[in-house]
Amino acid sequence: MKASYLVLPLLLLFSCKSWQKDEPPLPPAKMKQIFLDLHLAEAYSSMLDDTLHQSRNKDIDSLAVFYTDVFAHHNVTREQFVEGVNWYKQHPEVMDTFYKSLIDDATKLEGRYIK
């Protein structure tokens, strides 16, 4: 009888954990905004090169700072972001949906600032 008192809470715990895995750790709208900001950081980082050399390599030091700033702005840690990416890799249909929307948003931004 006592063993059943121990097994039931464990079963409930594991069933709750498996249920939670069906939910993204970061909602699609938030993940989309983080991805957009990271893409912008990547683009901006490639523009920080030494103008004498005219290369288009990313400035890795600046990029690390930009990534940290993006995560802080969205109030997520790098680990939470990686966990989100891993979840979306397992659910590509959800990722495809928000990524298509991200491309639309990026195109609108480009149209607004690049003429």
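Residues numbered from 1 in each chain as written. Predicted model: local features only at pLDDT ≥ 70, side-chain atom pairs only at ≥ 80, totals over all residues. Heavy atoms only, no water.

Quick notes on the packing of helix α4 (residues 78-90) against helix α5 (residues 92-113)
Interaxial distance between α4 and α5 falls to 5 Å at its minimum, and their mutual angle equals 110°. Considered as vectors, α4 and α5 are oriented roughly perpendicular to each other. Contacts from Trp-87, Tyr-88, Lys-89 and Gln-90 of α4 reach α5 at Pro-92, Val-94, Met-95 and Phe-98. The residue inventory of the contact of α4 with α5, partitioned by class, reads 6 nonpolar, 1 polar and 1 charged. (Axes fitted to C-alpha atoms, helices over the stretch in contact; angles between N-to-C directions. Helix = DSSP H or I, 4+ residues; strand = E, 2+ residues; numbered from the N terminus. Parallel < 35°, antiparallel > 145°, perpendicular 65-115°, else oblique. Contact = heavy atoms within 4.5 Å. Nonpolar A, V, L, I, M, F, W, Y, C, P; charged D, E, K, R; others polar.)

Looking at the environment of Asp-22
Examined against the element boundaries, Asp-22 turns out to sit in the loop between α1 (2-20) and α2 (28-46). Through-space distance from the C-alpha of Asp-22 to that of His-91 is 9.1 Å; in sequence the pair is 69 residues apart.

What to know about the confidence of the model for the protein chain
Averaged over every residue, the pLDDT of the protein chain is 79; the share at 70 or more is 70%. Summarising per-element confidence for the protein chain, the mean pLDDT is lowest in α1 (47) and highest in α4 (96). (pLDDT = per-residue confidence, 0-100.)

Notes on the nonpolar core
Counting residues in each nonpolar core, the largest one holds 16 residues, and the members touching the most others are Met-31, Ile-34, Phe-35 and Phe-81. Among the elements of the structure, α2, α3 (60-73), α4 and α5 are those that each provide at least two residues to this core. In terms of residues, this core owes the most to one element, α2, which gives 5 residues. (Core = buried A, V, L, I, M, F, W, Y, C linked by side-chain atoms within 4.5 Å. Buried < 20%, exposed > 50% of the residue type's maximum accessible area, 1.4 Å probe, protein only.)

Focus: α5
Along its 22 residues, α5 runs 31 Å from first to last C-alpha, staying within 8% of the 32 Å computed at 1.5 Å per residue. Within the span of α5, buried status applies to Met-95, Phe-98 and Leu-102. Mapping the buried residues of α5 onto a view down its axis gives an arc of 80°, with all of them on the same face. Counted as exposed and oriented over 90 degrees from the buried face of α5: Thr-97, Lys-100 and Lys-108. (Expected span 1.5 Å × (residues − 1). Arc of directions from axis to C-beta.)

Looking at unusual backbone geometry
One non-glycine residue, Asn-75, lies in positive phi territory at about 55°. The class of Asn-75 is exposed, set by a relative accessible area of 67%.

A short note on the environment of Leu-109
With respect to the helices and strands, Leu-109 occurs in helix α5. With residues near it in sequence (within four places) discarded, Leu-109 still touches Leu-36 and Leu-40.

Here we look at α3
Across its 14 residues, α3 extends 20 Å between first and last C-alpha, which sits within 8% of the 20 Å expected from 1.5 Å per residue. For α3, every residue scored as buried is listed here: Ser-62, Leu-63, Val-70 and Phe-71. As for α3, its buried residues are in contact with α2 and α4. Count one or two residues on from α3 and you reach Asn-75, which has phi positive near 55°.

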